Structures are given as structure tokens and as C-alpha cells.
Amino acid sequence: MASWGRSRCRLPQGAEPAVEGEPHLPTGRDLTEANRFAYAALGSVSLSQLFPEPEQSSFCTEFVAGLVKWLELSEAVLPTMTAFANGLGGEGADMFAQILLKDPILKDNPLVIIQDLLSFSLKDGHYDARARVLICHMTSLLRVPLAELDLLEETFLESLKEIKEEESETAEASRKKRENRRKWKRYLLIGLATVGGGTVIGVTGGLAAPLVAAGAATIIGSAGAAALGSVAGIAVMTSLFGAAGAGLTGYKMKKRVGAIEEFTFLPLTEGRQLHITITITGWLASGKYRTFSAPWAALAHSHEQYCLAWEAKYLMELGNALETILSGLANMVAQEALKYTVLSGIVAALTLPASLLSVANVIDNPWGVCLHRSAEVGKHLAHILLSRQQGRRPVTLIGFSLGARVIYFCLQEMAQEKAAVTEL
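Bear in mind the structure is a predicted one, so any value in this text is a computation, not a measurement.

Caption draft 1: The packing of aromatic side chains, seen in detail. Throughout the structure, instances matching the rule amount to nine aromatic pairs. For the ring pair Trp 296 and Phe 400, a centre distance of 5.7 Å and an interplane angle of 45 degrees mean the geometry is tilted. Of this pair, Trp 296 sits in the loop between strand 2 (276-280) and strand 3 (305-310) while Phe 400 sits in the loop between strand 4 (395-399) and helix 15 (402-415), and the two are 104 residues apart along the sequence. Of the residues examined, Trp 296 reaches a relative accessible area of 10% and is grouped as buried. Summarising the aromatic geometry, the rings of Tyr 408 and Phe 409 are spaced 5.2 Å apart at their centres and angled 85 degrees between planes, so their arrangement reads as edge-to-face. According to the relative accessible area criterion, Phe 409 is buried, its value standing at 14%. One aromatic cluster is present, built from ring pairs that chain together Phe 51, Phe 59, Phe 63, Trp 70 and Phe 120.

Right under this line is the structure:
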């Protein structure tokens, strides 16, 4: 990471520096007015490119208005930014990015823009999926590796959880990663703290919040840390990560919903992150793929991943039927091959495998049952997500076969709840 030189940082009123004489990390508001304009313009133009649909117009307008205020720009620029967000000047994205990359603060480290935009997106206690798409897009435009964004998100969580990692003398890469985390830790807490009735995003709620606040006092000062333990702060923590931080693992289907007999979330990872991934298996089979988590063993989409366990009985029946069909096909292929050998006369007297003669009977019932169940599961998943069991965080759904069908019906159900789905 590049040196920050003598750049100046505006601290929230009342926040105290952790160490006297420590150089302050810059924020978006430390840029010149012209470059703050370019920053807001790049975000506005990017929004118009990423979300051109009419139903996204209100989100884009509200986001841009908030960003203009966040950067302390004159309200006179708001009509221009709104025009950008509505599609005007879409060809100017590269130009605004180049202007920012020439700024003395950003030339060696454009990550300043990314962490500032992340802080802005999280300031109200929820992480809109569209905001993260925008952040990822601007990360690319400013030539910042996406791994740096993951590091910022991870640093943000670890700062509040006060996770202390042991120094490793042999792992150079791990050491550098920890150094980057420490460099950003103090800024992230300061940028998200609003002293005097404000709030700071956290990763847990309830009784743990005062402990988190106590640890944060060493970083942002006692005045800034006071907001962490406030009632409002705890409310925002709960909003972002779900009730008591339990997330999806805390969800239990209390009673049978329609035809659904099994519906639960199984953790694939032990980490926590500002965005989560839910995987949906399409069928189960004997052997290696007899569990819901087996197909996703190598998935590394985020540090917080779950798999949906649903209707195992019927998915196993479907998998067994598929294996029976494949076995029958193998037998048929072998018999067809024998017809061209000296055994052709014997083979001609044999009948086709019974499994192939009754293939419709083998597959029809389990397939039909699973088709119906997958639609019901998808609709139920939609209601789980809309009820914010996962907190107010972006969610990525990944599935195959009937798992993809679950996702289809989930999105279809959510689309019917337009008012609620616009924020997810």
C-alpha cells in the first residue's frame, strides 16, 4: 500500500485519534472539489449503465443525492448528477476515472475511493446489493483488484469483532494482508461512526455490542465508540446481520409449509461477510454426492456460504432413478457393441434391459414430485429472503438442475413483491 504522505482527514465531530501524531487516512471529502465532482459523476454514470431499467430510477436518484451530500458538494450539482444517473453522458465514465487517477491522493492508491464508497453504502445499516454491484464496477474502472474490496469488507468485520490474529513469521503473504487490515481498520471505524446519537454498523447485537464498543474505543476514541454501544447502534447491527447475528443458520421451519417437508440452511463456511452466497443442489445420489454440501466443496464465492437442504428424500429418489437409467444405457450400449462380434446371434435373442423398457416409470414419478416441490421451495425461499432472515445484505443464489428451478421460482415470487425486492 502506498504511503499517505501528509494528506488530511476530516474526523467525525468528537472522534479522537487513536495515537497522537498518527497520519490520518484520506476520505473522499479530502479530494479537491473538481475531483469530488468527478467521483460523484463516475458513480452516477455507472449507475445508469448498471441499472437502466425504469423501476431502478428511484434507487439511482436517491443514491446519487446521498452521495452528493456525503461528499459535501454544492446542491447546485445535483441536477447534473441526476441527469447522469438517468443516462446522460454515459460515454464519460472512462474520462471521469482518468481524472480521479491523476489526483495526488489517488494516483498511487485509488482504493481510497472504494473504501469511501463502501463506508457511504453502509452508513444507514444495510448493504444494498445494487450498491455492491456499483462498488465492484468502480473497483474495475479504477484498476483496483477485486481482492482488495474483499479485504476491505473483511477488515471492516474484523475491526468490530476485534479478532486478533497471531503473527506468523513464515507466511509473508499473511503478514502483508494483516498490515493492510491494520492500515484501514481505523479509517473504517471513524468513517462509519456518527457521534451524538449516530450509529456504527456491527456484526452482532444484544449483549455483545457493549464489548465490541469497548474494544473500538482504543481505535476511534471514547466519544466515537460510544455510538457503538448505543441502542440505535445495536438496532443497526441487527438490521445488517439479522436477529442476534444468527443469520440463516438461525432459521428453522417451525411448521410444514404447503407440500414442503424439509427446508433448512447448512453452513458451508465458518466466516462472516457483508455479502453471502446460498447454493441449491439439484439432486442427491449415492456415493460422493449423497449430501447437499458435496457439490460445493470447492466453491469460494464468499467467506459466508450456505447450502439449502430441501426435500432430501425425494431428491435421493430422483438421483437413484437417474443412476438406474444411466446403468441401463450402459447395458444397452454394451449389447449394441456385442451385435458386431461373434456373439451377435446370442445377443439377438436377448431382450433390452427392463430398466430401459420401463424408463418412463422409473423417472416419471420422482421427477414430477421434485418439479412440484422445487417450485414450492423456491417460493418459500423468496419469503425467507424478503423477511430479511439474512439481514440487510446482498445475496447470491447458485444452483444446478432442480436447484436452478428453485432459484427461478424464488425470483419470480420476489418480483411480485416489487416494493420489497427493490432493496435486496
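Caption draft 2: Expanded view of the side chain of Thr 82. Topologically, Thr 82 is positioned in helix 3 (residues 78-85). By relative accessible area, which is 18% here, Thr 82 ends up buried.

Caption draft 3: Structural context of the nonpolar core. Counting residues in hydrophobic clusters, the biggest one holds 49 residues, and the most contacted among them are Tyr 39, Leu 42, Ile 114, Leu 117 and Leu 142. Mapped onto this core, the elements with two or more residues apiece are helix 1 (33-50), helix 2 (57-70), helix 3, helix 4 (93-101), helix 5 (111-122), helix 6 (129-141) and helix 7 (146-161). The leading source of residues in this core is helix 5, at eight residues. Non-local contacts of Ile 114, meaning those with residues more than four positions away in its chain, are made with Ile 135, Met 138, Thr 139, Leu 142, Val 144, Leu 149 and Leu 152.

Caption draft 4: Inspection of helix 3 at higher detail. Here helix 3 has its buried residues at Met 81, Thr 82, Phe 84 and Ala 85. Seen end-on, helix 3 carries its buried residues on one side only, within an arc spanning 155 degrees. The inward-facing, buried residues of helix 3 abut helix 1, helix 2 and helix 4. Of the residues one or two after helix 3, Gly 87 is the one with positive phi, at around 115 degrees.

Caption draft 5: Geometry of the environment of Asp 128. Among the secondary structure elements, Asp 128 is positioned in the loop between helix 5 and helix 6. Asp 128 sits in the buried class, given a relative accessible area of 6%. Sequence spacing of Asp 128 and Arg 393 is 265 residues, and the spatial spacing of their C-alpha atoms is 6.2 Å. Side-chain polar atoms of Asp 128 contact the backbone nitrogen of Arg 130, separated by 2.8 Å.

The rules behind the values
Residues numbered from 1 in each chain as written. Predicted model: local features only at pLDDT ≥ 70, side-chain atom pairs only at ≥ 80, totals over all residues. Heavy atoms only, no water. Phe/Tyr/Trp six-rings, centres within 6.5 Å; stacked < 30°, edge-to-face > 60°. Helix = DSSP H or I, 4+ residues; strand = E, 2+ residues; numbered from the N terminus. Buried < 20%, exposed > 50% of the residue type's maximum accessible area, 1.4 Å probe, protein only. Core = buried A, V, L, I, M, F, W, Y, C linked by side-chain atoms within 4.5 Å. Contact = heavy atoms within 4.5 Å. Arc of directions from axis to C-beta. Polar contact = N/O pair within 3.5 Å; in protein donor to acceptor, adjacent residues only side chain to side chain.

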